[in-house]
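Structural overview
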Amino acid sequence: DNIGDSDSVNNLLKDDDDEEDSMSSYSIHGSGGSGEGYSNDDDAAVTDDDLKYLSTSSTSQQQSQEDDTTKKTVVIQERQSSGTTTSRLRRPSTRRMVDEIGNQLLEAQGNARLEHDILRKSLNLDAGNIAALMMQQDDDNEEEGEDAGEKQTERVLERIHESTRKLRAASFDGGSGGGGSQPPEIEKEELLDYEQHRKRMVRQVLTMVGVTAILILLVCVALALGTIAVGPPRQPVGAYKIIEAQVGQDFWQYYDFYAGKDSAGSNGYIMYVSEQKAREERIVNVVTETVAVGDMIEIYEDGDPRKEEDWLAEDLAFLDELKRKKLEEEEALEKEEAKEEEADEKKKNHGKKKKKTSTTDSSGTATANDKTDQAEDSVTEEKKATRLLEEVELQQEQQQAQQQLVSGSSVTSPEISDKTKPPKLEPFNPDQTSDVPEETFVVISSTPTPEGPRNSVRLEGRRRFNRGLFIIDLRHMPAGCGTWPAFWLTDEANWPVNGEIDIVEGVNYQDTAKTALHSTRVCRMDEVPEGSKTGTWDTAVGIPDRKTGIPDMTFRYAQDCFVYDPHQWINQGCVASDLKLEGRSLGVPLNQNGGGVYALEWDPVYKHIKTWVFSPHGRVPSNLRDALRTATNEDESTRVAPDTNQWGLPYGHFPIGDGTNCPAGHFRNMRLVINLAFCGSVAGNRYFMDCPKQFKKFKTCNEWVESDPDELKEAYWKIRGVYVYEREWQKQWS
């Protein structure tokens, strides 16, 4: 590399006051004008010899920089006239040259000598050239010889080094797009432009944000106005409307008869038959019976104070009674423990008395300790007598309360005067087309076969449900050893994914109503509101460990609906058990009371599944009774809509849906099923426990059923009707 002309060097030698201008104007330009100044040819540029020649031919050492320019112009013109200038000159980028020099200086890492060498080689300067240049710049320098030239060279290099460094810094600050530094005026203009540009960008951003906010606000306003104009969304939250009234001869049109063996999971000892065969064997039938006076119920007219019912108050009183009994049991347990501790203490004291007696004198005089013990014993006897009297009084109160519940008198019923008109006696749900007190029933039973398994019936509903109110009015249900009847909801093709709900299910001699839910994982009933039900949960105790087979005797409630929960019986599910009518709400006791009414409310919108049982029919809430009586009325305006809020508390409450531990999607797309099975995986497995008398003669449930005992004549359904309601769709915000 070399310097094309002396202006580049002269600019580097300017005073510090003009360094910024020199950096901005520093360039390598050629003898040919703009764009032409650097050439690799020796004769294409002003060389150092030319500078020497011009400097020695001058009559004065104090010539101005303009004279040097004139001299160089003369030389260039002479060379152009002699034809020594090349036809095309190339000029490298000043920024690139400065960058290369700057990078080499950075690599020197502060070594001054090395930096000087880099500058000499890069600018192609020697001592003679530097001396000549210094003669033009420094008029007061009178030193001569090699020492003077060397010092001048050092000074020039120092100034070149400083100027080059500033030039490089300025070129770096100039940005990646323009390359090189700019004059102060240009830099100020650029700063002003940048500041204006920044402010303009800020205004644009703020404008965009404002416009966006306004648009969002307009959209929200439009949605609000649209929502107000359109109204709330449609939801199934209205009053209940009858969907299916399965009564009389129309009962069968809502079901299909399944023919074949029982499912592998149930494995009942039966053979389900087709509708044709069932009719041939007369195990399905529709009968109309005159209702006896003893089977009628009391109907009170409107305005009669006895018609006013407060089932909720009665149920709350029942819950209070349960709490009182629980407290009494706890107190009794504490008393029992205290008595045991007292007895132990007496034994210890008795031993001490014997030791004291042995130390008394021969006269046999009683000591003061003996008198004290006698006084304590008398006080204890008085306390025992007082406690016994209190317990007797409590038992009498409990018996009176129980008799009130059984007789059907409400806890809050007002006193009736002698002048009150007596109630009417009518069938619970009489036929509307008959002038006599009659009721029509659907009868489903079974028959024995020579092969052993009994012929039976399984009805599968034709409609699928995802919600609803399901009611069955019974006068009799299958009961007895080996029986396994059920009225339930299921989707067996997708079991247990779509769930199962057992509304009524009897096993052998069970006498208490239970409702069970079966599902896949993540469906627990451990957050049921207190005071929301009159029942309790079934228990799961003695579950064999899956690895060791050792029974787990930990007391647990069956609150997990998952069919394979390891801490419950297989397919036990979450099971609610009735307490209010405990021992009288299923099987033989229910039949003795003339049957009853079961209801299940499946409402995902209101996030629950609830179950009720009412028996006898005189204990059915008037709203429910009137709804069943008017369900088949042709005039819809005369039908009474069932209102579960008037029925009191359910015995089973299962929270489902958002905010619970059981998503509502566990139960969907199910249909009603009514069937009568025998033995199998439930009744058969419990046979030896539930039927000890039969077990002595027949070692298996199948042998017992195959013997066709007279007891199985009680294994039949007698159904007044099945009623399915769904809430009407209406607009509502929540």
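Given the structure is predicted, the values throughout are model-derived calculations rather than measurements. (Residues numbered from 1 in each chain as written. Predicted model: local features only at pLDDT ≥ 70, side-chain atom pairs only at ≥ 80, totals over all residues. Heavy atoms only, no water.)

Further remarks concern the overall build of the protein chain. A count of helices and strands for the protein chain gives 18 helices and 23 strands. Relative to its 734 residues, the protein chain shows a buried fraction of 41%. Taken as a whole, the protein chain presents about 41,200 Å² of accessible surface, with 50% of it coming from carbon and sulfur. (Helix = DSSP H or I, 4+ residues; strand = E, 2+ residues; numbered from the N terminus. Buried < 20%, exposed > 50% of the residue type's maximum accessible area, 1.4 Å probe, protein only. Areas by Shrake-Rupley, 256 points an atom, 1.4 Å probe, with all protein chains shown as cover.)

Taken together, eight strands build an open sheet; the order of strands is 2-10-22-12-13-14-18-15 and the sheet is antiparallel. For this open sheet the edge positions go to strand 2 (255-257) and strand 15 (536-537), each flanked by a neighbour on one side alone. In this structure, strand 10 (residues 458-461) lies alongside strand 22 (residues 671-678), joined through three bridges in antiparallel fashion. Paired with Leu459 across the strands is Ile674, a residue of strand 22. (Pairing = 2+ DSSP bridges.)

The grouping of Glu329, Glu330, Glu331, Glu334, Glu336, Glu337, Glu340, Glu341, Asp344 and Glu345 at the surface amounts to a negative patch. Tracing the backbone shows Glu337 in helix 11 (residues 311-357). (Patch = residues over 30% accessible without salt bridge, like charges linked within 9 Å, V, L, I, M, F, W, Y side chains within 5 Å. Salt bridge = Lys/Arg side-chain N within 4 Å of Asp/Glu carboxyl O. Lys, Arg positive; Asp, Glu negative; His and termini not counted. Charge placed at Lys NZ, Arg CZ, Asp CG, Glu CD.)

To continue, consider the environment of Gly665. Tracing the sequence through the fold places Gly665 in the loop between strand 21 (652-655) and strand 22. The sequence separation of Gly665 and Gly499 amounts to 166 residues, and the corresponding C-alpha distance is 8.8 Å.

All right, on to a nonpolar patch on the surface then. A cluster of nonpolar side chains, contributed by Val211, Ile214, Leu215 and Leu218, occupies part of the molecular surface with about 380 Å² of accessible area. Structurally, the position occupied by Val211 is in helix 9 (residues 184-230).

Turning our attention to the pairing of strand 22. Most of strand 22 sits inside the fold, with seven of its eight residues counted as buried. With eight bridges joining them, strand 12 (residues 483-490) and strand 22 adopt antiparallel strand pairing. Looking across to strand 22, one finds that Ala486 is bridged to Asn675.

Here we take up the state of the cysteines. Tallied over the entire structure, the rule returns four disulfides. The disulfide that involves Cys523 links it to Cys662, with 2.0 Å between the sulfurs. Disulfide Cys523-Cys662: the torsion about the S-S bond is -75°, which places it as left-handed. Highlighted residues: Cys523 in the loop between strand 14 (514-518) and strand 15 and Cys662 in the loop between strand 21 and strand 22, separated in sequence by 139 residues. We note that Cys523, like Cys662, is buried. The disulfide bridge from Cys679 ends at Cys701, spanning 2.0 Å between sulfur atoms. Disulfide Cys679-Cys701: the torsion about the S-S bond is -85°, which places it as left-handed. Of this pair, Cys679 sits in the loop between strand 22 and helix 15 (680-684) while Cys701 sits in helix 18 (residues 701-706), and the two are 22 residues apart along the sequence. The two residues Cys679 and Cys701 agree in class, both being buried. Of note for the protein chain: the bonded cysteines, numbered N- to C-terminal, pair according to 1-7, 2-5, 3-4, 6-8. (Disulfide = S-S within 2.5 Å.)

On to the pattern of salt bridges, then. Across all of its chains, the model carries 29 salt bridges by this definition. Measuring nitrogen to oxygen at the nearest pair gives 3.0 Å for the salt bridge that ties Arg686 to Asp690. Overall, Arg686 belongs to the partly exposed group, its relative accessible area being 31%. Its salt-bridge partner being Asp710, residue Lys713 comes within 3.8 Å of it at the nearest N-O pair. Residues Lys713 and Asp710 agree in their burial class; the two are exposed. Each of Glu314, Asp315, Lys580 and Arg619 takes part in one network of salt bridges that share partners.

To continue, consider the confidence of the model for the protein chain. Across the protein chain, pLDDT averages 78, with 67% of residues at or above 70. Scored below 50 in pLDDT, residues 83-91 makes 25 contacts in the model with residues more than four places away or belonging to other chains. With pLDDT under 50 throughout, residues 139-144 is counted as low confidence; its partners more than four residues away or in other chains account for six contacts. (pLDDT = per-residue confidence, 0-100. Contact = heavy atoms within 4.5 Å.)

Right, let's talk about the nonpolar core for a bit. Of all hydrophobic cores here, the largest spans 72 residues; its most connected members are Ile501, Met525, Tyr598, Trp602, Phe667, Ile674 and Trp717. Per-element accounting of this core gives the leading share, five residues, to strand 22. (Core = buried A, V, L, I, M, F, W, Y, C linked by side-chain atoms within 4.5 Å.)

Mapped onto the secondary structure, Gly531 falls in the loop between strand 14 and strand 15. Exposure remark for Gly531: the relative accessible area of 39% places this residue in the partly exposed category. In the structure, Gly531 is positioned 215 residues away from Leu316 in sequence and 7.8 Å away in space, judged by C-alpha atoms. Beyond its immediate sequence surroundings of up to four residues, Gly531 is in contact with Leu319 and Leu649.

Turning our eyes to something else, we now look at the packing of aromatic side chains. A full pass over the atoms with the stated rule returns 14 aromatic pairs. Ring geometry for Phe614 versus Trp647: centroids 6.4 Å apart, planes at 90°, classification edge-to-face. Linking Phe614 in strand 20 (residues 608-614) with Trp647 in the loop between helix 14 (622-629) and strand 21, this pair joins segments that are 33 residues apart in sequence. Under the relative-accessibility criterion, Trp647 is labelled buried at 1%. In this structure an aromatic cluster arises from ring pairing among Phe251, Trp252, Tyr255 and Phe257. Lying across the ring of Phe678, Arg454 places its NZ or CZ 5.5 Å from the centre. Against the face of Phe695 rests Lys699, its NZ or CZ located 5.0 Å from the ring centre. (Phe/Tyr/Trp six-rings, centres within 6.5 Å; stacked < 30°, edge-to-face > 60°. Lys NZ or Arg CZ within 6 Å of the ring centre and 35° of its normal.)

A separate point is helix 14. In terms of burial, helix 14 is a largely internal element, seven of the eight residues being buried. Inspection of helix 14 places Ser622, Asn623, Leu624, Arg625, Ala627, Leu628 and Arg629 among the buried residues, and these make up the whole buried set. Packed against the buried residues of helix 14 are strand 6 (297-299), strand 7 (424-426), strand 11 (468-476), strand 19 (596-603), strand 20 and strand 23 (717-731).

When you line up the elements, Glu601 lands in strand 19. Here His608 takes part through its side chain, which lies 3.1 Å from a polar atom of the side chain of Glu601. The residues contacting Glu601, other than those within four sequence positions of it, are Tyr240, Gly468, Leu469, His608, Ile609, Lys610, Trp612, Thr644 and Arg727. (Polar contact = N/O pair within 3.5 Å; in protein donor to acceptor, adjacent residues only side chain to side chain.)

On to the sheet that holds strand 3 (residues 260-261), then. A sheet is described by the order of its strands in space; here three strands give the open sequence 3-4-9, paired in mixed fashion. Across the chains shown, the open sheet's two edge strands, defined by having one partner strand only, are strand 3 and strand 9 (454-456). Relative to strand 9, strand 4 (residues 270-272) is paired through three bridges, and the arrangement is parallel. Across the sheet, residue Ile270 finds its bridge partner in strand 9, namely Arg454.

So, about the side chain of Asp502. Here Asp502 is to be found in strand 13 (residues 500-505). Of the side chains with opposite charge, Arg458 comes closest to the buried, unpaired Asp502, at an N-O distance of 9.7 Å. Side-chain polar atoms of Asp502 contact the side chain of His518, separated by 2.9 Å. Look past the residues within four positions of Asp502 in its chain and what remains in contact with it is Phe487, Trp488, Lys514, Thr515, Ala516 and His518.

It is worth spelling out unusual backbone geometry at this point. Trp495 connects to Pro496 through a cis peptide bond whose omega is 0°. Among the structural elements, Pro496 can be located in the loop between strand 12 and strand 13. In the segment running from Ser615 into Pro616, the intervening peptide bond is cis, with an omega of -5°. Tracing the chain through its elements places Pro616 in the loop between strand 20 and helix 14. One non-glycine residue, Asn669, lies in the positive phi region at around 55°. By secondary structure assignment, the location of Asn669 is in the loop between strand 21 and strand 22.

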